[in-house]
Amino acid sequence: MPAIELSVAERKAHRAEAHHLDPVVMIGNEGLTPAVVKETDAALSAHGLIKVRVLGDDREEREAIYRQLAEQLNAAPIQHIGKLLVLWRPKPRKVKAEDEDRKPGPREFKVVKNSSRGGQRPEVKRVRVLGNQRLTPGGMVKKAKPKQKSVKKSRAE
């Protein structure tokens, strides 16, 4: 997979965002192992923008690791300063599963009560009504009564 190409302005914006970040992945003397690639992929999926610290002293090796990570993980190389590499990849959208058995949650209502004195402002308050409650015409929250079964009395006289 090729690396993502960004414009200069986009790279500059991502560099500014990455300034305060700490390295999430560290690459030791073993170099770029499959475990490191897997961990970097997981970090990019979770965060989108990450810093990687390379502990080796060879600059050409660090640049090769930088390019290889960007190519393998379909990420955009943002910055390479010293032993720090900054990579970016857009975060995947999370899909929420719809639960069909789920009932509606709490509802918010705005209750307006006019003042008993004529010239005053009406009192406005927000009320949260849960699933087992109801709102009365007076603006009170009451627990809903369970539905009663219809019981017909039989005439056994």
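It should be noted that the structure appears before, not after, this text.
Note that this is a predicted model, so its numbers are computed, not measured.

**Quick word on the environment of Ser-45**
- Examined against the element boundaries, Ser-45 turns out to sit in helix H2 (residues 34-47).
- As for Ser-45 and Arg-89, which are separated by 44 residues in sequence, their C-alpha atoms are 7.7 Å apart.
- Not counting the four nearest positions on each side in its chain, Ser-45 is found in contact with Arg-89, Lys-91 and Pro-92.

**Comments concerning the sheet that holds strand S2 (residues 49-54)**
- If you trace the four strands from one edge of the open sheet to the other, you get S1-S2-S4-S3, paired in mixed fashion. Of all strands in the sheet, those bounded by a partner on one side alone are strand S1 (23-27) and strand S3 (76-81). Taken pair by pair, the neighbouring strands of this sheet meet at an average axis angle of 25°, ignoring direction.
- Pairing of S2 with strand S4 (residues 84-88) involves five bridges; the strand directions are antiparallel. Paired with Leu-49 across the two strands is Trp-88, which belongs to S4.
- The strands touched by helix H1 (residues 8-18) within the sheet are S2, S3 and S4, with S3 carrying the most contacts at an inclination of about 55°.

**What about the pattern of salt bridges?**
- Taken as a whole, this structure holds four salt bridges when the rule is applied.
- The partner of Glu-63 in a salt bridge is Arg-59, with the nearest N and O atoms 3.4 Å apart. Of this pair, Glu-63 and Arg-59 both sit in helix H3 (residues 59-72), four residues apart, roughly one helical turn.
- Judged by its relative accessible area of 25%, Glu-63 falls in the partly exposed class.

**Brief notes about the side chain of Thr-40**
- Among the secondary structure elements, Thr-40 is positioned in helix H2.
- The buried category is assigned to Thr-40, whose relative accessible area is 0%.

**Some thoughts on the nonpolar core**
- In terms of nonpolar packing, the biggest core is built from 18 residues, with Ile-27, Val-52, Leu-69 and Leu-87 touching the most fellow members.
- Counting only elements with at least two residues in this core, the list comes to S1, H2, S2, H3 and S4.
- Setting aside anything within four residues of it in sequence, one finds Val-52 in contact with Val-25, Ile-27, Thr-40, Lys-83, Leu-84, Leu-85 and Leu-87.
- Judged by nonpolar contacts, the second largest core, of seven residues, contains Leu-6, Ala-18, Leu-49 and Ala-76.

**Examining a negative patch on the surface**
- Among the surface-exposed residues, Glu-98, Asp-99, Glu-100 and Asp-101 lie close enough to one another that they form a single negatively charged patch.
- Along the polypeptide, Asp-99 turns up in the loop between S4 and strand S5 (107-113).
- The exposure class assigned to Asp-99 is partly exposed, which follows from its relative accessible area of 47%.

**Examining the pairing of S2**
- Counting buried positions along S2 gives five out of six residues, so the element sits mostly inside the fold.
- For S1 and S2, the ladder comprises four bridges, and the chain directions are parallel. Residue pairing in the sheet places Val-25 in a bridge with Val-52 of S2.
- Running through H2, the crossover from S1 to the neighbouring parallel element S2 is right-handed.

**Remarks on unusual backbone geometry**
- Of note, Asn-74 is a non-glycine position whose phi angle comes to about 55°, a positive value.
- Assignment of secondary structure puts Asn-74 in the loop between H3 and S3.
- Note on Asn-74: relative accessible area 27%, which makes it partly exposed.

What counts, and at which threshold
Residues numbered from 1 in each chain as written. Predicted model: local features only at pLDDT ≥ 70, side-chain atom pairs only at ≥ 80, totals over all residues. Heavy atoms only, no water. Helix = DSSP H or I, 4+ residues; strand = E, 2+ residues; numbered from the N terminus. Contact = heavy atoms within 4.5 Å. Pairing = 2+ DSSP bridges. Axes fitted to C-alpha atoms, helices over the stretch in contact; angles between N-to-C directions. Salt bridge = Lys/Arg side-chain N within 4 Å of Asp/Glu carboxyl O. Buried < 20%, exposed > 50% of the residue type's maximum accessible area, 1.4 Å probe, protein only. Core = buried A, V, L, I, M, F, W, Y, C linked by side-chain atoms within 4.5 Å. Patch = residues over 30% accessible without salt bridge, like charges linked within 9 Å, V, L, I, M, F, W, Y side chains within 5 Å. Areas by Shrake-Rupley, 256 points an atom, 1.4 Å probe, with all protein chains shown as cover. Lys, Arg positive; Asp, Glu negative; His and termini not counted. Charge placed at Lys NZ, Arg CZ, Asp CG, Glu CD. Right-handed = clockwise from strand over helix to strand, strands pointing away.

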